[in-house]
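Each chain is listed here by its residues.
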Amino acid sequence: MSSHHEEGFIRKYIFSTDHKVIGIQYGLGAMFFLLMGFGLMLMMRWQIAFPGKSIPFIGKLLTQDGILSPELYNQFGAMHGTIMVFLGVVPMAVGAFGNYLLPLQVGAQDMAFPKLNMASFWVFFVGGLVMLYSFLLPGGAAQSGWTSYPPLSNIAPAGQTAWLIGMVFLITSSLLGSVNIIVTAVQLRVPGLSFFRLPFLVWAQLVTSFLLLLAFPPLEAAGVLQLMDRVFGTSFFMPSGLVVSGQALEVSGGGNPLLWQHLFWFLAHPEVYVLILPALGIVAEIVATNTRKPLYGYNTAVYAIIFLGFMSFIVWAHHMFMTGMGTGMSAFFQATTMIISIPSVIVLTVLLLTLWGASIRFTVPMLFALAFLPMFAIGGLTGLPLGLTASDIYLHDTYYVIGHFHYVVAPGTLMALMGGVYHWYPKITGRMFNKTLGKLHFWGTFIGMNGIFAPMFFIGMAGVSRRLYDATIYEMARSVQPLNVIMTYSSWLLAAAQVLFLINIFASLRKPKEAAADNPWEATTLEWAAPTPPLPHQNFPEPLEAYRGPYEYNTTSREFAPQHLQEA
């Protein structure tokens, strides 16, 4: 192995080309944005539960009377969705976990293109800054929803332009990162590590990267077209004869707002699987390690997620049943939506059958992984009525949709990501977290999330629209208003639990490193063969070779057989 000269602080920690440093940069950045998006949600929840009342503590900093205005509420709604998805969950799932773990799990020294990797983070960082800057512009941030539907978004204030520019940066970042992950997983595997010896998390990251690579360019193109509509007076999405505030809008016209919807959802439905596939990979790693069993039906699960990735490109228009696309097209997208539920069920079944008959170790990561399974199942099952044209007519744009999506992304994906942080934290830092604080964090998160999102199904089935600033003006909404109060109190519990999480993570950094931290879980995949933390720009002191599959637990005379050890 070639030696490396000592790097300065800026080259080592700021503009680093080491995949581990970049992964940590992504992780810290994503945590910051997740907390920011969560803060926006807390203020929105206060307004919905207690309309017309001043927000405690910080209300007077936002408005003169401390009450959220309808315009500010719309800004928070649009930016909450944008920040949580594009600046929070995706950078955490793919940027942080993908960057840090994938080279280690394939036995590589680094990513295939280290400088491209550094560029992907800094492009993401600039995109995040542009998004935050939009709050300071005249008229505030984007306020046309996280979907940015025209023609409303075309005539919105300047914050919408900043949103589009920010999205172009974020999409470019994802494209750079996805190319890197694909090449690394395919080309840099150590000898003996065939495709069907890869850890399931590597497969999940590989399929996710193909989704990013193929689905993001249409939205990037759409973003540029909408930017041209706003800045250069084109009419890609602006129809003729549009009337705004009683005045006919002077545009060339001839554009089609539905074109944006098609381009947006062609990305945004594969995006759902970009969020969930890394989470499934993380849960598979935690479940196999803590059941001390091989992953039941590993090959089947791999084929299932490959099929899921393919199918995710032909279901996008189930978001558009209300646009009058015709019964033939509606029937096609209804059928593909039902079909795509099958591979998700297969992967869940594989994980459940791995648990069957196991002597489960209830570690903190395992608690999060176990909670993920029913939460993701609820998210998937509640999506089926939205994929059927008849029931979607009633449920579309109600709180039911919010409940469905959030069960997939919050109690689902975010629970898995938190479990992943606890699982690999000893490898990254050489320190163990406080188990009691970890379990308190888990239960606070589990109860808080369900308290927020479960009532949404009942509010949605009562017919309450997801976009109302003050729903109590309607009789049917007043009858379910107590549920909104419960949801708001639950959001405070969830916030308190995250404080415990941050205390646990940062307090443990003050503890001395533990000698046994190289492989505290007695796991078998290659990342646990590295020193703790792995060597800079090198990872492993000696080249590795893989001699068996990733989950050889209790299949030989030994309790566990690491991939890199030749003897069984």
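Below is a summary of the structure that appears in this document. (Residues numbered from 1 in each chain as written. Predicted model: local features only at pLDDT ≥ 70, side-chain atom pairs only at ≥ 80, totals over all residues. Heavy atoms only, no water.)

**Focus on the overall build of the chain**
Defined as follows: Each helix is a run of DSSP H or I of at least 4 residues and each strand a run of E of at least 2, with the numbering of both proceeding from the N terminus. Radius of gyration: C-alpha atoms only; globule rule: 2.2 Å multiplied by the number of residues to the exponent 0.38. We call two residues contacting when some pair of their heavy atoms lies within 4.5 Å.
Looking only at helices and strands, one finds 16 helices and two strands in the chain. By the compact-globule yardstick of 24 Å for 568 residues, the chain fits well, its C-alpha radius of gyration being 24 Å. Principal axes of the C-alpha set define a box for the chain whose edges measure 80 × 50 × 50 Å. Contacts spanning at least 24 positions in sequence make up 79% of the contacts within the chain whose residues lie at least 6 apart.

**Re the side chain of Thr398**
Cut-off, in case you're wondering: Summary of the burial criterion: residues with accessible area below 20% of their type's maximum are buried, those above 50% are exposed, and those between are partly exposed, where the area comes from a 1.4 Å probe applied to protein chains only. Between N or O atoms, a polar contact is any pair within 3.5 Å; within protein, one atom must be a potential hydrogen donor and the other a potential acceptor, and residues adjacent in sequence are included only when both atoms are from side chains.
With respect to the helices, strands and loops of the structure, Thr398 is situated in the loop between α12 (389–395) and α13 (399–429). Classification of Thr398 as buried rests on a relative accessible area of 4%. Only 2.7 Å separates the side chain of Thr398 from the backbone oxygen of Leu395, close enough to count as a polar contact. Setting aside its immediate chain neighbours within four residues, Thr398 contacts Gly460, Gly463, Val464, Ser465 and Arg466.

**What to know about the packing of aromatic side chains**
Convention followed: The aromatic pairing rule takes the rings of Phe, Tyr and Trp, using the six-membered ring of Trp, and pairs them if the centres are within 6.5 Å, calling planes under 30 degrees apart stacked, those over 60 edge-to-face and the rest tilted. To sit over a ring, a charge needs its Lys NZ or Arg CZ within 6 Å of the ring centre and within 35 degrees of the ring normal.
Within the structure shown, the criterion is met by 46 aromatic pairs. The interplanar angle of 70° and the centroid separation of 4.8 Å between the aromatic rings of Phe442 and Trp443 together place this pair among those described as edge-to-face. These aromatic residues form a ring-pair network of at least three members: Phe15, Tyr26, Phe32, Phe33, Phe121, Trp122, Phe124 and Phe125. For Arg189, the ring lying beneath its charged end belongs to Phe195, and the centroid distance is 4.0 Å.

**Here's the deal with the nonpolar core**
Heads up, the condition is: Residues belong to one nonpolar core when they are buried, are Ala, Val, Leu, Ile, Met, Phe, Trp, Tyr or Cys, and are joined through side-chain atoms within 4.5 Å.
The biggest cluster of nonpolar side chains holds 169 residues, and the ones touching the most others in it are Phe200, Leu219, Leu277, Leu295 and Phe372. When sequence neighbours within four positions are dropped, the list of residues in contact with Leu277 reads Ala204, Val207, Thr208, Leu211, Ile305 and Leu308.

**As for the layout of surface pockets**
Our working rule: Cavity means a closed set of points on a 1 Å grid over the protein atoms alone, one where a 1.4 Å probe fits but cannot get out, pocket means an open set with protein on both sides within 12 Å along at least 5 of 7 lines, and lining means a residue has an atom within 4 Å of a point. Grid points are joined across faces, edges and corners, and a volume is the space filled by probe spheres set on the points. Each residue is assigned to one of three groups, with Ala, Val, Leu, Ile, Met, Phe, Trp, Tyr, Cys and Pro labelled nonpolar, Asp, Glu, Lys and Arg labelled charged, and all others, Gly among them, labelled polar.
The calculated volume of the second largest pocket comes to roughly 1100 Å³. Lining the second largest pocket are 43 residues; nearest its centre among them are Lys20, Val21, Ile24, Tyr100 and Ile428. Every element with two or more residues in the lining of the second largest pocket is listed here: α1 (9–14), α2 (19–49), α4 (70–105), α5 (114–133), α13 and α16 (481–508). Here the lining of the second largest pocket is composed, by residue class, of 26 nonpolar, 10 polar and seven charged.

**Looking at empty space enclosed by the protein**
In the structure shown here, the tally under the stated rule is three cavities of 30 Å³ or more. Space inside the largest cavity adds up to approximately 200 Å³. Lining of the largest cavity is provided by 20 residues; of these, Tyr26, Val90, Gly95, Ser173 and Ser174 occupy positions nearest its centre. Elements that contribute at least two residues to the lining of the largest cavity include exactly α4, α5, α6 (159–187) and α7 (200–231). In terms of residues, the lining of the largest cavity owes the most to one element, α6, which gives eight residues. A per-class count over the lining of the largest cavity returns 13 nonpolar, seven polar and no charged. Mapped by element, the contributors of at least two residues to the lining of the second largest cavity are α6 and α7.

**A few points about the side chain of Thr161**
Of note, Thr161 is situated in helix α6. Residue classification places Thr161 among the buried residues on the basis of a relative accessible area of 19%. A distance of 2.8 Å separates a polar atom in the side chain of Thr161 from a polar atom in the side chain of Arg230. Those residues in contact with Thr161 that sit more than four places away from it in its chain are Leu227, Arg230 and Val231.

**Focus on α7**
The line we're drawing: Expected span, for any helix, means 1.5 Å times one less than how many residues it has. To get the bend at a given residue, fit one axis to the seven residues ending there, fit another to the seven starting there, and take the angle between those axes.
Compared with an ideal rise of 1.5 Å per residue, which puts 32 residues at 46 Å, α7 spans 45 Å between its outermost C-alpha atoms and is within 8% of the ideal. Remark: the principal bend of α7, roughly 35°, maps to Phe216, with a proline, Pro217, within the next four residues. By the criterion of burial, α7 is predominantly enclosed, with 23 of the 32 residues buried. Looking one or two residues beyond α7, the residue adopting positive phi is Gly233, at roughly 75°.

**Considerations on the pattern of salt bridges**
When the charged atoms of two side chains with opposite charge come close together, those side chains can pair. For the record, the criterion: The term salt bridge refers to a side-chain nitrogen of Lys or Arg lying within 4 Å of a carboxyl oxygen of Asp or Glu.
A full pass over the atoms with the stated rule returns six salt bridges. Here Arg292 and Glu559 are joined by a salt bridge, their closest N and O atoms 3.0 Å apart. Note that Arg292 is positioned in the loop between α8 (257–291) and α9 (298–311) and Glu559 in the segment after α16, a separation of 267 residues in sequence. Given the relative accessible area of 6%, Arg292 is considered buried. In this structure, Glu475 and Arg478 form a salt bridge, with 2.8 Å as the shortest nitrogen-oxygen distance. Taken as a pair, Glu475 and Arg478 lie in helix α15 (residues 475–478) at a separation of three residues, close to a single helical turn.

**Some details on unusual backbone geometry**
For the bond running from Pro150 to Pro151, omega is 5°, close enough to zero to count as cis. Within the fold, Pro151 resides in the loop between α5 and α6. Cis rather than trans, the peptide bond between Thr532 and Pro533 has omega equal to -10°. Tracing the chain through its elements places Pro533 in the segment after α16.

**With respect to the packing of α8 against helix α11 (residues 364–383)**
Rules: For helices, the fitted line uses only the C-alpha atoms of the stretch in contact; every axis is such a line through C-alpha atoms, and the angle between N-to-C directions lies from 0 to 180 degrees. By the definition adopted for this analysis, an angle is roughly parallel if under 35 degrees, roughly antiparallel if over 145, roughly perpendicular if from 65 to 115, and oblique otherwise. Note: crossing handedness is left-handed where the near helix turns anticlockwise from the far helix by less than a right angle, and right-handed where it turns clockwise.
Two elements in contact, α8 and α11, have axes whose closest approach is 9 Å; the angle formed by their N-to-C orientations is 130°. By the angle between their directions, the pair α8 and α11 is classed as oblique. Between α8 and α11 the crossing geometry is left-handed. Here Ile276, Ala279, Leu280, Val283, Ile286, Val287, Asn290 and Thr291 of α8 come into contact with α11, specifically with Pro365, Met366, Ala369, Phe372, Leu373 and Phe376. For the contact of α8 with α11, the residue count by class is 12 nonpolar, two polar and no charged.

**Re the environment of Ile83**
When you line up the elements, Ile83 lands in helix α4. Ile83 sits 46 residues away from Gly37 along the chain, and the two C-alpha atoms are 5.7 Å apart.

**Considering the packing of α7 against α9**
Taken N-terminus to C-terminus, the directions of α7 and α9 make an angle of 10°; their axes are 10 Å apart at the nearest point. Regarding the angle of α7 to α9, the classification is roughly parallel. Along its contact with α7, which presents Phe200, Trp203, Ala204, Val207 and Leu211, the element α9 presents Tyr298, Ala301, Val302, Ile305, Ile306 and Gly309. Looking at side-chain class alone, the contact of α7 with α9 contains 10 nonpolar, one polar and no charged residues.

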